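Chain by chain, the residues run as shown.
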Amino acid sequence: MPVRLKGRRRAAASAAQRVVVWARADPGVHAVIQVGSYARGTETMASDLDLVVIVDDPLVAAESADARGLFPRARVIARRRWGPVHEVRLRTSSGLLVELDFTPESWLELPLDAGTARVLGDGHLVLYDGGVASPMLRVVERHPRARPHGQSH
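Each chain carries its own residue numbering, running from 1 in the direction its sequence is written. Local features in this predicted model are restricted to residues whose pLDDT is 70 or higher, and side-chain atom pairs enter the listing and the counts only when it is 80 or higher, whereas totals over whole chains, interfaces and linings include all residues. Hydrogens and water are ignored here; the side-chain numbers use all heavy atoms of the structure.

A. Seen up close, the pairing of strand β4 (residues 85–91). Counting buried positions along β4 yields 6 of 7 residues, so the element is predominantly enclosed. Where strand β3 (residues 75–82) meets β4, 7 bridges bridge the pair, whose relative direction is antiparallel. The partner of W82 across the bridge, within β4, is V85. Here, any two strands with at least 2 DSSP bridges between them count as paired. Numbering of helices and strands runs from the N terminus, with a helix taken as a DSSP run of H or I at least four residues long and a strand as a DSSP run of E at least two residues long. Linking two consecutive strands that pair antiparallel, namely β3 and β4, is a turn of 2 residues; a positive phi of about 60° is found at G83 within it. With 6 bridges connecting them, β4 and strand β5 (residues 97–103) associate as antiparallel partners. Only protein chains enter the area calculation, which uses a 1.4 Å probe; residues under 20% of their type maximum are buried, those over 50% are exposed, and those in between are partly exposed.

B. Region of the structure containing the environment of I33. The topology assignment puts I33 in strand β1 (residues 29–35). Here I33 falls in the buried class, since its relative accessible area comes to 0%. Separated by 87 residues in the primary sequence, I33 and L120 have C-alpha atoms spaced 9.0 Å apart.

C. Spatial organisation of the packing of aromatic side chains. Only Phe, Tyr and Trp rings take part, Trp by its six-membered ring, and two of them pair if their centres are within 6.5 Å. Stacked means planes under 30 degrees apart, edge-to-face means over 60, and tilted covers everything else. The full count for this structure, using the stated rule, is 1 aromatic pair. Between W22 and F102, the aromatic rings sit 6.4 Å apart at their centres with planes inclined by 90°, giving edge-to-face as the arrangement. Linking W22 in helix α1 (residues 3–25) with F102 in strand β5, this pair joins segments that are 80 residues apart in sequence. The pair W22 / F102 is uniform in exposure class, with both members buried.

D. Seen up close, a negative patch on the surface. Candidate patch residues must exceed 30% relative accessible area and have no salt bridge, after which like charges are joined if within 9 Å and Val, Leu, Ile, Met, Phe, Trp or Tyr side chains if within 5 Å. Accessibility throughout is a Shrake-Rupley quantity obtained with a 1.4 Å probe, and a residue counts as covered only by protein chains that appear here. A pairing counts as a salt bridge when a side-chain nitrogen of Lys or Arg comes within 4 Å of a carboxyl oxygen of Asp or Glu. By the counting rule applied here, Lys and Arg register as positive and Asp and Glu as negative, while His and the ends of each chain are not counted. A charged residue contributes its charge at one atom only: NZ of Lys, CZ of Arg, CG of Asp or CD of Glu. A cluster of acidic residues, D56, D57, E63, E105 and E109, forms a negative patch on the protein surface. With respect to the helices and strands, the residue E109 is situated in the loop between β5 and α4 (114–121). Classification of E109 by relative accessible area gives partly exposed; the value is 43%.

E. Summary view of the confidence of the model for the chain. The quantity called pLDDT is the predictor's confidence in a given residue, expressed from 0 to 100. Overall, the prediction assigns the chain a mean pLDDT of 85, with 84% of residues at 70 or greater. Ignoring residues within four places in sequence, the model shows residues 143–153, a span with pLDDT below 50, making 21 contacts including any to other chains. In this description, contact between two residues means that some pair of their heavy atoms is separated by no more than 4.5 Å.

F. Fine view of the pattern of salt bridges. Summed over all chains, the structure comprises 4 salt bridges. A salt bridge links E43 to R9, with the nearest nitrogen and oxygen atoms 2.3 Å apart. In this pair, E43 is assigned in the loop between α2 (37–40) and β2 (49–55) and R9 in helix α1, connecting sequence segments 34 residues apart. Looking at E43, the relative accessible area reads 9%, which means it is buried. Residue R9 is classed as partly exposed on the basis of its relative accessible area of 27%. Through salt bridges that share partners, D48, R89 and E99 make up one connected network.

G. Summary view of unusual backbone geometry. The peptide bond linking L110 to P111 adopts the cis configuration, its omega dihedral lying at -5°. Residue placement: P111 occurs in the loop between β5 and α4. Although it is not a glycine, R73 sits at a positive phi angle of roughly 65°. Relative to the elements of secondary structure, R73 occurs in the loop between α3 (58–63) and β3.

Below, the structure written as structure tokens:
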């Protein structure tokens, strides 16, 4: 494995740990779930760190994400909305891209909608769970392609 990729993995692990420490201290944060290539173990130098953050108020969390001091000297490079998900994309001082996807608990409601089922079914790691994620994610782990809302059984 190239030295640069090892360094990038360390930066991603450190970034994820920062978010977990913050999540444990904030009563409005209920879970942090890593998804994407880092969760699957298929990351490359071009990969971003994707973290789904289950919160009480996604809009407030997203608007203040850069002010929380989670990533000093990071630059917000994009803000988007995907249904209930409020995305904040940051470039850290090390060059790592971090995507924070703030969403309410309803994102995990069963049956999962198609987008949630795809994201979780492609691989996920629960980094922090205050109690809301585990019951839903056990279903996804048993049935990785959990039926989306609106599809018949």
